[in-house]
Amino acid sequence: MLGAGLMETIKGWKKARQFEEILALNGFEGGVEKLIHSSLREGLICGALFAAAVFFFGQDFLAQVFAGGVGIVLPLCARVFYNYFLFDNRRRKIEGITPDFLLEASLFPKGTSLAEIIGVFSKRDYPFLSEEFMKAWHELQKGATPELCLSNMKKRVKSRAFSRAIDLVIEGTKSGADVAIVFKEAAEDQLETNALIRERKSSLVVEKYTLLFAGGIIVPLILGTVAGMLETLDFSALSEIGIGLSAIEKKDLLNAGKTASLIYIIEYALIASFFLAFQEHDRKKTVIYAAFLLPVSLCVYFFAQMA
């Protein structure tokens, strides 16, 4: 569907190469090229349905074009950020059990080798973490050094907390010293950090859902209701006596107001999405929130006009 040259250009982008790695970790076969082609086929159907729905609700041509464009890119955005969500969820799970990993590492006797540590943790039942150690174990069996295996693991997980834990294990085993105390202190520090993060998220949850509720329901509901009421009002009597606008001018003004309301709803959803992602220190979530807020708010706005 896309030209070969354009596809090669996209696959050459740094972000696209990083996303290829995320797709592989999530078990998605075919890479970026398959994801884009599948999403565009569905997007054309979705765009046509969105444009037809907006036309049915009596919106102008600009709104129909915009709705069609949103429908075309929506499946691609949904797939991309669903995979980012899976990857982030996997990373958070690994970070959550990093203290347990460190505590168990502190129980190994002095002089335990990195290869032995990799072998032991590859047989544990830690969610996701044991899978990573199993990959490292397979690399070890193929001749890679333990340090390289653990370095590759850090690159796959992409977590600062987990990388620090792995670095501690590597340096501790290299030194040959009894590092049980260091591992225990690192585990306790990680537990305290996780507790602070959970407390911060709890304090922001009210603000988060207020923004989601306002952007997805309250604002579009009010604007849609007002637009629907204005459309039902009859100003023909005032026009006949020379007061107010003509029927054509009234229609043009009403269409301009509806377009402005539509743009305002979109801007509000995007700004709210960015603010929520900024609070969570993850800018990628801007599109995740927008992918939820935009269709919900637009549906509420259009249905409110019909009520």
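What you see is a predicted model, and the numbers here were worked out from it, not measured in a lab. (Residues numbered from 1 in each chain as written. Predicted model: local features only at pLDDT ≥ 70, side-chain atom pairs only at ≥ 80, totals over all residues. Heavy atoms only, no water.)

Student: Help me understand the overall build of the protein chain, please; the structure alone is not making it clear to me.
Tutor: Per the secondary structure count, the protein chain includes 12 helices and zero strands. Beginning at the N terminus, the succession of helices and strands in the protein chain can be written as α-α-α-α-α-α-α-α-α-α-α-α. When burial is assessed residue by residue, the protein chain has 38% of its 307 residues classed as buried. By sequence separation, contacts in the protein chain at least 24 residues apart represent 69% of the contacts at least 6 residues apart. Put simply, the protein chain shows about 17,800 Å² of open surface, and 66% of that area lies on carbon and sulfur atoms. (Helix = DSSP H or I, 4+ residues; strand = E, 2+ residues; numbered from the N terminus. Buried < 20%, exposed > 50% of the residue type's maximum accessible area, 1.4 Å probe, protein only. Contact = heavy atoms within 4.5 Å. Areas by Shrake-Rupley, 256 points an atom, 1.4 Å probe, with all protein chains shown as cover.)

Student: Before we go on, may I ask you to explain the nonpolar core in this structure?
Tutor: One recurring pattern in soluble globular proteins: nonpolar side chains tend to sit buried together. The biggest cluster of nonpolar side chains holds 27 residues, and the ones touching the most others in it are Phe 101, Phe 121, Leu 129, Phe 133, Leu 150, Met 153 and Ile 166. Leu 211, Ala 227, Tyr 289 and Leu 298 belong to the second-largest nonpolar core, a separate cluster that totals 18 residues. (Core = buried A, V, L, I, M, F, W, Y, C linked by side-chain atoms within 4.5 Å.)

Student: Looking at this structure, I do not really get helix 7 (residues 146-157). What am I missing?
Tutor: Along an α-helix, residues three or four apart share an orientation, since each turn contains 3.6 residues. With 12 residues, helix 7 should reach 16 Å at 1.5 Å per residue; the first-to-last C-alpha distance of 17 Å fits that figure. Restricting attention to buried positions, one finds in helix 7 the residues Cys 149, Leu 150, Met 153, Arg 156 and Val 157. Along the long axis of helix 7, the arc covered by the buried residues comes to 115°, so they all point the same way. One or two positions beyond helix 7, positive phi appears at Lys 158, with a value near 55°. (Expected span 1.5 Å × (residues − 1). Arc of directions from axis to C-beta.)

Student: Can you help me understand the pattern of salt bridges in this one?
Tutor: Two side chains that carry opposite charge are able to pair once their charged atoms sit near each other. Counted according to the given criterion, the structure contains eight salt bridges. Put simply, Asp 167 and Lys 154 hold a salt bridge, and the shortest N to O gap is 2.7 Å. One end of the pair, Asp 167, is in helix 8 (residues 160-175); the other, Lys 154, is in helix 7, with 13 residues separating them in the sequence. Taking the relative accessible area as the measure of exposure, Asp 167 reaches 33% and is therefore partly exposed. Classification of Lys 154 by relative accessible area gives partly exposed; the value is 21%. (Salt bridge = Lys/Arg side-chain N within 4 Å of Asp/Glu carboxyl O.)

Student: Explanation requested: the side chain of Ser 38 in the structure shown.
Tutor: When you line up the elements, Ser 38 lands in helix 3 (residues 31-56). A polar contact of 3.0 Å, which involves the side chain of Ser 38, links it to the backbone oxygen of Lys 34. (Polar contact = N/O pair within 3.5 Å; in protein donor to acceptor, adjacent residues only side chain to side chain.)

Student: Just to check I follow, could you spell out the environment of Ala 187 for this structure?
Tutor: Tracing the chain through its elements places Ala 187 in helix 9 (residues 180-232). As for Ala 187 and Phe 101, which are separated by 86 residues in sequence, their C-alpha atoms are 8.2 Å apart. Setting aside anything within four residues of it in sequence, one finds Ala 187 in contact with Pro 99, Leu 102 and Leu 103.

Student: What's the story with a negative patch on the surface in this structure? I'm lost.
Tutor: The grouping of Glu 185, Glu 188, Asp 189 and Glu 192 at the surface amounts to a negative patch. Along the polypeptide, Glu 188 turns up in helix 9. (Patch = residues over 30% accessible without salt bridge, like charges linked within 9 Å, V, L, I, M, F, W, Y side chains within 5 Å. Lys, Arg positive; Asp, Glu negative; His and termini not counted. Charge placed at Lys NZ, Arg CZ, Asp CG, Glu CD.)

Student: Please explain the environment of Glu 267 as it appears in this structure.
Tutor: By the element assignment, Glu 267 lies in helix 11 (residues 247-279). It is 9.4 Å that separates the C-alpha atoms of Glu 267 and Leu 294, two residues lying 27 residues apart in sequence.

Student: Even after reading the chapter, I still don't get a nonpolar patch on the surface, so can you show me in this structure?
Tutor: Judged by side-chain polarity, Phe 213, Ile 217, Ile 218, Leu 221, Ile 222, Val 226 and Leu 230 come together as a nonpolar surface patch covering roughly 570 Å² of accessible area. Mapped onto the elements, Phe 213 comes out in helix 9. Overall, Phe 213 belongs to the partly exposed group, its relative accessible area being 46%.

Student: So what exactly am I meant to see when it comes to the packing of aromatic side chains here?
Tutor: The description of an aromatic ring pair uses the distance of the two centres, along with the angle that the planes make with each other. What the rule picks out here adds up to nine aromatic pairs. Ring centres of Tyr 264 and Tyr 268 lie 6.2 Å apart, and the angle between their planes is 50°; on these two criteria the pair is classed as tilted. With a gap of four residues between them, Tyr 264 and Tyr 268 both fall in helix 11, about one helical turn apart. Each member of the aromatic cluster is reached from another via a ring pair, and the members are Phe 101, Phe 108, Phe 121, Tyr 126, Phe 133 and Phe 162. (Phe/Tyr/Trp six-rings, centres within 6.5 Å; stacked < 30°, edge-to-face > 60°.)

Student: Looking at this structure, I do not really get the packing of helix 6 (residues 129-141) against helix 7. What am I missing?
Tutor: Packed helix pairs are specified by the crossing angle of their axes together with the interaxial distance, meaning the distance between the axes. Interhelical geometry of helix 6 versus helix 7 gives an angle of 145° and a closest axis separation of 9 Å. Regarding helix 6 and helix 7, the two cross each other, and that crossing is right-handed. Facing helix 6, whose interface residues are Glu 132, Phe 133, Lys 135, Ala 136, Glu 139 and Leu 140, helix 7 presents Pro 146, Cys 149, Leu 150, Asn 152, Met 153, Arg 156 and Val 157. When the residues that make up the contact of helix 6 with helix 7 are grouped by side-chain class, the tally is eight nonpolar, one polar and four charged. (Axes fitted to C-alpha atoms, helices over the stretch in contact; angles between N-to-C directions. Left-handed = near helix turned anticlockwise from the far one by under 90°. Nonpolar A, V, L, I, M, F, W, Y, C, P; charged D, E, K, R; others polar.)

Student: Teacher, can you tell me more about the environment of Ile 181 here?
Tutor: As for its position among the elements, Ile 181 is in helix 9. For the pair formed by Ile 181 and Ser 106, sequence separation is 75 residues and the distance between their alpha carbons is 7.2 Å.

Student: I'm lost on unusual backbone geometry in this one. Help?
Tutor: Note on backbone geometry: most residues besides glycine have negative phi, and most peptide bonds are trans. Of note, the phi angle at Phe 128 is positive, near 70°, even though the residue is not glycine. Looking at the secondary structure, you find Phe 128 in the loop between helix 5 (114-121) and helix 6. Take Phe 128: its relative accessible area is 24%, and that puts it in the partly exposed class. Phi is positive for Lys 158, which is not a glycine, with a value near 55°. Relative to the helices and strands, Lys 158 is located in the loop between helix 7 and helix 8.

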